[in-house]
Amino acid sequence: NHLNNSVNSFSFSFLEQFAVFGKEIIFALLIGLAVAYFIYKFLKSFNTSRELSALLIIAIAIAVYVLGEFIGSNGSLTVAIYGLFLRGLTAENLSKVFTSVFAHTLYIIVFILFGIQFFFPDFSFWFKALGLFVFYLIIRFFCVFLLIKNISIREMLFITLNVAKGIEVAIV
C-alpha cells in the first residue's frame, strides 16, 4: 500500500511538472512569435532608420523577456524565439547595424560598471594616475618626434594623442 502511494505521488508530480514545463514552452512560443510578427509589421509599415530599428529590436527584446517572466514562462526562451523568428522574417540585413549599436551599448555598460567597481575616492590616486598619463604622452610624443620625419607639430600631436585601443577591446 505504501509503495502504491509513492508511485501515485510520483506520477502525479511528474505530470504536474510536465504540465508546467509545457505551459512555459507554449507561452514562450506564443509570446515570441506574436511580438516578432507585430514588430516586423511595425518596421515594414514605418520608414525607420537602420539605427532606430536596431535599437527598437534591442528594447523590445528586453520587454519580451520581462513579459515572458511576468506571465510565468521562461524569459530567455521567449527572447530566443523572438530573435529567431524576427531574423527569419526580415529580408534586409540589419546584422551590421545591430552589431554596431549593440557593441557601443556594451562599451558604455562595461565602462560604467568598471567605473563603479573601481571607484577610488582618494585624490592622491587621481594625481598619480594623471601624472603617469602625462608622462606616457610625453614619451609617446618624443618617440613620434624621433621616428617620423617631415610632419608638422600638429600632426605629431595628433599621432601622440591618438592612443591605440587597449584593455577595453579585450574586455568587450
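As shown above, the structure is provided for reference.
Residues numbered from 1 in each chain as written. Predicted model: local features only at pLDDT ≥ 70, side-chain atom pairs only at ≥ 80, totals over all residues. Heavy atoms only, no water.

Asks: Tell me about the packing of aromatic side chains, and please be specific about residues and values.
Replies: Counted by the stated rule, this structure contains two aromatic pairs. Ring centres of Tyr-37 and Phe-38 lie 6.0 Å apart, and the angle between their planes is 65°; this geometry places the pair in the edge-to-face category. Owing to a relative accessible area of 38%, Tyr-37 belongs among the partly exposed residues under this scheme. With a centroid separation of 6.3 Å and an interplanar angle of 35°, the aromatic rings of Phe-133 and Tyr-136 are classed as tilted. Of this pair, Phe-133 and Tyr-136 both sit in helix α5 (residues 123–147), three residues apart, which is roughly one turn of the helix. Of the residues examined, Tyr-136 reaches a relative accessible area of 35% and is grouped as partly exposed. (Phe/Tyr/Trp six-rings, centres within 6.5 Å; stacked < 30°, edge-to-face > 60°. Buried < 20%, exposed > 50% of the residue type's maximum accessible area, 1.4 Å probe, protein only. Helix = DSSP H or I, 4+ residues; strand = E, 2+ residues; numbered from the N terminus.)

Asks: Account for unusual backbone geometry, naming residues and giving values.
Replies: At Asn-150, a residue that is not glycine, the phi angle is positive and equals roughly 65°. Locating Asn-150 in the fold gives a position in the loop between α5 and α6 (153–161).

Asks: Go over the packing of α5 against α6 with me, naming the residues and quoting the values.
Replies: Closest axis-to-axis distance for the α5/α6 pair is 9 Å, and the angle between their directions is 130°. Considering the angle they form, α5 stands oblique to α6. Crossing angle aside, the handedness with which α5 passes α6 is right-handed. Only Met-156, Leu-157, Ile-159, Thr-160 and Leu-161 of α6 make contact with α5, whose side of the interface consists of Leu-137, Arg-140, Phe-141, Val-144 and Phe-145. Along the lines of polarity and charge, the residues of the contact of α5 with α6 split into eight nonpolar, one polar and one charged. (Axes fitted to C-alpha atoms, helices over the stretch in contact; angles between N-to-C directions. Parallel < 35°, antiparallel > 145°, perpendicular 65-115°, else oblique. Left-handed = near helix turned anticlockwise from the far one by under 90°. Contact = heavy atoms within 4.5 Å. Nonpolar A, V, L, I, M, F, W, Y, C, P; charged D, E, K, R; others polar.)

Asks: I'd like a description of a nonpolar patch on the surface, backed by residues and values.
Replies: Where nonpolar side chains cluster on the molecular surface, the patch consists of Phe-14, Leu-15, Phe-18, Phe-21, Ile-25, Leu-29, Leu-33 and Leu-77 and spans about 740 Å² of accessible area. Broken down by element, the residue count for the nonpolar patch peaks at seven residues, all from helix α1 (residues 2–45). Within the secondary structure, Phe-14 sits in helix α1. (Patch = residues over 30% accessible without salt bridge, like charges linked within 9 Å, V, L, I, M, F, W, Y side chains within 5 Å. Areas by Shrake-Rupley, 256 points an atom, 1.4 Å probe, with all protein chains shown as cover. Salt bridge = Lys/Arg side-chain N within 4 Å of Asp/Glu carboxyl O.)

Asks: Describe the environment of Phe-85, listing the residues and the values that go with them.
Replies: With respect to the element layout, Phe-85 can be found in helix α3 (residues 75–89). Along the sequence, Phe-85 and Leu-33 sit 52 residues apart, while their C-alpha atoms lie 6.4 Å from each other. Residues in contact with Phe-85, not counting those within four places in the same chain, are Leu-33, Ala-36 and Tyr-37.

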